[in-house]
Amino acid sequence: MANIGVYVELKEDKSKKSNKEAISLAKKSGKNVYAIIFTNNLDQHLDELKGIKKIIQIKDQDLFYQPDYYSDTISNIIKDFDLNDFIGICSAQGKDLFPRIAAKTDASLVNDCIDIDFENNLITKPVFAGRLLTKIRVEDEFKMYTIRPNVFPVQASDSEENPEIITKELNKKELKTRIVDIVKSDSKKIDLTEADIIISGGRGMKEKENFKMLEDIAQLLNAGVGASRAAVDAGFATSDMQVGQTGKVVNPKLYIACGISGAIQHFAGMKTSKIIVAINKDSEAPIFKKADYGIVGDLFKVVPLLKKELEKIL
Amino acid sequence: MNIFVCIKQVPDTEATLSVKNGKTINEDGIKWIISPYDEHAIEEALKLKAKIPETNVTLITLGPKRCENALRGGLAMGADHAIHIETDEHVDNRIIAKALAIAIKQEGNYNLIFIGKQAIDDDSYLTHIYLAENLGIPVSTNVTLFNYESEKVFVEREIDGGEKEKIEMTTPCVIGAAKGLNTPRYPSLMGMMKAKKIPIKKLSLQDLEIGEIDNKIIVEKLFAPPEKPQGKVIEGDIEDGVKELVKALKDEAKVL
Ligand SMILES: Cc1cc2nc3c(=O)[nH]c(=O)nc-3n(C[C@H](O)[C@H](O)[C@H](O)COP(=O)(O)OP(=O)(O)OC[C@H]3O[C@@H](n4cnc5c(N)ncnc54)[C@H](O)[C@@H]3O)c2cc1C
C-alpha cells in the first residue's frame, strides 16, 4: 500500500489547530499514514496523533524552525520511507517549507487546496484571489499539498492502538537562510488565518483608538481583529491585520465587517467565511450584497449595542 | 551589482473574469497589470540601485507577447534592462522557475533576485522558492523589510499571529516580496519616454534548452464558485436590529 506523510506543524511546541484537519485528511486517503513531528516532548502530542500507525519524531537539543534544516530532514524522510504523498497546512511556515521540500525531492506541490479527491487525483484550489476555482490533476508519482485552514472536516479517532515511534535527528548539514530571531507581536493576537470568528474594521472606524471597541468584542468572542487596507493605510491597524487580496485570506465561521465598504479586493480575503455580517451606515454599500446579515446604521451606535447583546448570551 | 527582478503580467484586480472553454479565462477586454507583489519587488530593487553605484536592474518575464507591456511598465519605473521569454504555451511553476533560472545564469553575474511572493492569478506561492532551489541559493518569502550590507542580506518576514522572523542570508539570494516592503513608485513621464527606447531582449524556451514542456500540474477545469444568495439586511431601529442579529447568529446560523 502507498504511504502518505503528514507534517504536524508546531508553534513553540504547541500543535496548530489545523493539524487535525491535515491528519483527518491523510487518514481518509486510505494510505499508510506517517506523521512527521519536530519535538522533544512527543508525549504531549500523542493524543492528537491517535490512530496513526507510524510517527517519525525529529529531535534536537535546539529545536527551532530553520527552513534549510527542516526541509533537508523531511526530504530525506520522504525518500527513506517512500512517501508518495505529503500534506501540510497552508500557513506562513507551510508556504515557506513545502516548496523547498518539493524542489529538493522533485515533487509536484499544490498550495492552498480546498478539496483533495485522492481516488480521482483531483485537487480544488482557489485562483484569482478566490474569484475563480480550479480543479487540478497532478501527473506525478509524488504529490505534495498544503491545505487551507478551516476547510476540511475533522474526524476524531477512537483507536487505542499504540503507534510505532521512529526517532530521527535533525539534519543540520547546511544553513543558507538563517533565522536569527523572532520578533513577537506586542499583543497576544489570535492568528487570523485560523480564527473561528473575526471582527474587522475599515475606514469607517475613523480613528485608531476606536479599534478598542472591536478588541473588546473580540475578547468576548475569543475572536481575531482584522482590518481593511484603507484602515491599515490610515494607520488605524497594523499590516498583519489586513484582510484581502494583498493581506490575509481568512476563513472563519463568522466575519463581522464594521465600516467596510466591501471592495472586491477586501472580499477576496474573506468571501469564504461561513457567515458574513456587515455593519455600515450606507445602505448602498456593496458589502451588503455579500453579507448574510447586515445592519444599516452608525457603527458607533451599533457596535456598543452588539457588545451589550453578546454579553447577555455569553 | 546585478539585480534581477522577475515579474508576471496578470489581470487587474478589478477585472471581471469569465471562463473560456472551461479551462482558461476569457482575455477579451481585460486590463493587464504587473502583479502587485512584483511591483514591490521592482521598487525594492530600484531603492537599492539608488544607493549602490553601478547597479543594473534587469527585469525578466515569461509569457505571451502582451507581457511586453509589463516590462515596459517596469522599465518606466526605472529598471535598466528587460528580458522576455516569449511563449504562448501554458507552463507550470516548476518549468517557469527553471526557465527563469537558466535565463538569469546566461546573463552572467547575479547578486540579488527580487520577485513577488505570489502572482495574483494562479496564487501558487511557488515560483520564487523553486527559482532559488534551482539556482542553489538562499531564499526568504513574504519579506516585509530588506537591508543589504557588504554582501549580506537582512530581512524580516511576516509569519502567523503578527510575528516576524529576522533572517540573514548571503548573496546571491532570492527575496520574495510582500506588501509591507515598500510603496511602489509611479512611472514618471520621463521614465515612460525612456522606457520606449530600451530594447527588450527576446528569448524562447528553446533558447533556454527547455524543449519538451512536461507540465505536471494540469488544469482540468476552471469555474466560478457558487454565488451566495442575497442575505438579510436589517434597517430601521438599530436596538431591535442588533437583538434580531444576535438571535439569528445564535439560533439560525449557529455561529455563536
Ligand atoms: C491591487 C490592490 C490590492 C488591494 N488589496 C486590498 C486588501 O488586501 N484588503 C482591502 O481591504 N483592500 C484592498 N484594496 C483596497 C480596496 O480597493 C478598498 O480601497 C478598501 O478595501 C477600502 O477599505 P474600506 O472599506 O475600509 O474603506 P471605504 O471603501 O472608504 O469604506 C468605508 C465604509 O465605511 C462606511 N462608514 C463610514 N462611517 C461609518 C459609520 N460611522 N458607521 C458605519 N459605517 C460607516 C462607509 O459607508 C463606507 O462604506 C486593494 C486595492 C488594490 C488596487
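See above for the structure.
This text gives an overview of the structure that appears in the document. (Residues numbered from 1 in each chain as written. Chains lettered and ligands numbered in written order. Predicted model: local features only at pLDDT ≥ 70, side-chain atom pairs only at ≥ 80, totals over all residues. Heavy atoms only, no water.)

**So, the packing of aromatic side chains**
Per the counting criterion, the structure on display carries eight aromatic pairs over all chains. Between the aromatic rings of A:F38 and A:Y70, the centroid separation amounts to 3.9 Å while the plane-to-plane angle is 10°, which identifies the pairing as stacked. In this pair, A:F38 sits in strand β4 (residues 32-38) while A:Y70 sits in helix α2 (residues 67-80), placing the two residues 32 residues apart along the sequence. Summarising the aromatic geometry, the rings of B:F114 and B:F146 are spaced 5.1 Å apart at their centres and angled 70° between planes, so their arrangement reads as edge-to-face. A residue pair is termed long-range when its members are at least 10 positions apart, and B:F114 in strand β8 (residues 112-116) and B:F146 in strand β9 (residues 139-149) qualify at 32 residues. An identical accessibility class is assigned to B:F114 and B:F146; each is buried. A connected cluster of aromatic rings, assembled from ring pairs, spans A:Y7, A:F38, A:Y65, A:Y70, A:F86 and A:F98. Against the face of B:Y37 rests B:K117, its NZ or CZ located 4.7 Å from the ring centre. Stacked on the ring of B:F223, the Lys or Arg B:K221 has its end atom at 4.6 Å from the ring centre. (Phe/Tyr/Trp six-rings, centres within 6.5 Å; stacked < 30°, edge-to-face > 60°. Helix = DSSP H or I, 4+ residues; strand = E, 2+ residues; numbered from the N terminus. Buried < 20%, exposed > 50% of the residue type's maximum accessible area, 1.4 Å probe, protein only. Lys NZ or Arg CZ within 6 Å of the ring centre and 35° of its normal.)

**Looking at the pairing of strand β10 (residues 152-158) of chain B**
Looking along a regular strand, one sees the side chains alternate between the two faces of the sheet. All names here are of chain B. Among the seven residues in β10, five count as buried, and that is most of the element. Pairing of β9 with β10, which is carried by six bridges, proceeds in the antiparallel orientation. When the sheet's bridge partners are listed, V143 is paired in β10 with R157. Remark: two residues form the turn of the hairpin made by β9 and β10, two consecutive strands paired antiparallel; S150 in that turn has positive phi of roughly 30°. (Pairing = 2+ DSSP bridges.)

**A short note on the nonpolar core**
The biggest cluster of nonpolar side chains holds 91 residues, and the ones touching the most others in it are A:F86, B:V5, B:I85 and B:I113. Counting residues per element, this core draws most heavily on helix α3 (residues 93-106) of chain B, at eight residues. When residues no more than four places from it in sequence are discounted, the contact partners of B:I113 are B:F4, B:C6, B:I104, B:L131, B:L135, B:I137, B:C173, B:V174 and B:I175. (Core = buried A, V, L, I, M, F, W, Y, C linked by side-chain atoms within 4.5 Å. Contact = heavy atoms within 4.5 Å.)

**Describing unusual backbone geometry**
Omega for the peptide link from B:T171 to B:P172 comes to -5°, which places this bond in the cis form. If you trace the backbone, B:P172 turns up in the loop between β11 (164-170) and β12 (173-177). Phi at A:D82 takes a positive value of approximately 55°, unusual for a residue other than glycine. Following the sequence through the fold, A:D82 ends up in the loop between α2 and β6 (83-89). One non-glycine residue, A:A129, lies in the positive phi region at around 50°.

**Looking at the interface of chain A and chain B**
Listed by partner, the interface residues are 93 residues for chain A and 73 residues for chain B. Carbon and sulfur atoms supply 59% of the area buried between chain A and chain B, which totals about 7300 Å² over both sides. Inspection of the chain A/chain B interface yields eleven salt bridges. Salt-bridge contacts for A:D96 lead to B:R157; the nearest nitrogen and oxygen are separated by 3.8 Å. Counting every contact that joins chain A to chain B gives 46 residue pairs in polar contact (both at pLDDT 80 or more). For the side of chain A that touches chain B, the element with the highest residue contribution is helix α3 (residues 92-105) of chain A, accounting for nine residues. Across six bridges, the pairing between strand β13 (residues 177-183) of chain A and β11(B) is antiparallel. Across the sheet, residue A:R178 finds its bridge partner in β11(B), namely B:E168. (Buried area = accessible area lost by both parts, 1.4 Å probe. Salt bridge = Lys/Arg side-chain N within 4 Å of Asp/Glu carboxyl O. Polar contact = N/O pair within 3.5 Å; in protein donor to acceptor, adjacent residues only side chain to side chain.)

**Focus on the sheet that holds strand β16 (residues 254-258) of chain A**
Ordered in space as β15(A)-β14(A)-β16(A)-β17(A)-β18(A)-β15(B), the six strands form an open sheet in which the pairing is parallel. The sheet is open, and its two edges are formed by β15 (224-227) of chain A together with β15 (232-234) of chain B, each paired on a single side. In this sheet, adjacent strand axes meet at a mean angle of 20° when their direction is disregarded. Across four bridges, the pairing between strand β14 (residues 197-201) of chain A and β15(A) is parallel. Counted as the bridge partner of A:I198 is A:G224 from β15(A). Sheet contacts for helix α4 (residues 211-221) of chain A: β14, β15 and β16 of chain A; angle to β14(A), the most-contacted strand, approximately 175°. Here helix α6 (residues 238-252) of chain B sits on the sheet in contact with β16, β17 (275-280) and β18 (293-296) of chain A together with β15 of chain B, set at roughly 170° to β18(A). (Axes fitted to C-alpha atoms, helices over the stretch in contact; angles between N-to-C directions.)

In short, the description is geometric, and any link to function would need to be established separately.
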